[in-house]
Amino acid sequence: MNSYINTLTFELELYDVNNIIHNEVLNKLWENEDTKKYLYNKDEFINNILDRNCEYNSIYIVSLNNTYIGFI
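Treat the numbers as computed from the prediction; the structure is a model and nothing was measured.

**Some thoughts on helix 1 (residues 20-30)**
For step 1, the next point in the chain: Among all positions in helix 1, only His22, Val25, Leu26, Leu29 and Trp30 are buried. Buried residues of helix 1, viewed axially, fall in a sector of 130°; they line one side. Within helix 1, the exposed residues directed more than 90 degrees away from the buried face are Ile20 and Lys28.
For step 2, the next point in the chain: If you follow the buried residues of helix 1, they end up packed against strand 1 (10-14), helix 2 (33-38), helix 3 (42-51), strand 2 (60-64) and strand 3 (67-71).
For step 3, the next point in the chain: The N-capping residue of helix 1, defined by a side-chain oxygen 2.9 Å from the backbone nitrogen of isoleucine 21, is asparagine 19.

**Considering the sheet that holds strand 1**
For step 1, the next point in the chain: Taken in spatial order, the three strands line up as 1-2-3 in an open sheet, and their pairing is antiparallel. Each having just a single partner strand, strand 1 and strand 3 make up the two edges of the open sheet. Averaged over all adjacent pairs, the angle separating strand axes in this sheet is 35°, with direction ignored.
For step 2, the next point in the chain: In this structure, strand 2 lies alongside strand 3, joined through four bridges in antiparallel fashion. Counted as the bridge partner of isoleucine 61 is phenylalanine 71 from strand 3.

The rules behind the values
- Within every chain, residues take consecutive numbers counted from 1 along the sequence as written.
- Predicted model: local features are reported for residues with pLDDT of at least 70 only, side-chain atom pairs are reported and counted for 80 or more only, and whole-chain, interface and lining totals are derived from all residues.
- Just so you know, side-chain values use all the structure's heavy atoms and leave hydrogens and water out.
- Remark: exposure states derive from per-residue accessible area (1.4 Å probe, protein chains only) relative to the maximum for the residue type, with buried under 20%, exposed over 50%, and partly exposed in between.
- Runs of E in the DSSP output that reach at least two residues are strands. Runs of H or I that reach at least four are helices, and both are numbered from the N terminus.
- Taken from the helix axis, the directions to the C-beta atoms give the arc we talk about.
- When checking whether two residues touch, look at their non-hydrogen atoms; a contact exists if any pair is within 4.5 Å.
- Under the rule applied, a polar contact is a pair of N or O atoms within 3.5 Å (in protein, one hydrogen donor and one hydrogen acceptor; residues adjacent in sequence only if both atoms are side-chain atoms).
- Strand pairing is assigned whenever DSSP detects at least two bridges linking the two strands.
- To get an axis, fit a line to the C-alpha atoms, keeping to the stretch in contact for a helix; angles then go from 0 to 180 degrees between the N-to-C directions.

This is the structure:
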């Protein structure tokens, strides 16, 4: 029996509040009911992360095959 491992390559872009595409991606993700279940107000969420003065407080937009699929 042959087994294959499919390796996916994700790309990360550091979220830029001034990037219209990044804002559109997050807005679209927040329209999803599952996202709304686990995360509070989008603007409050983003501001709480970006307002903290720490090198680890960043948001990355995740893409796969040139399609935005989420954020971390």
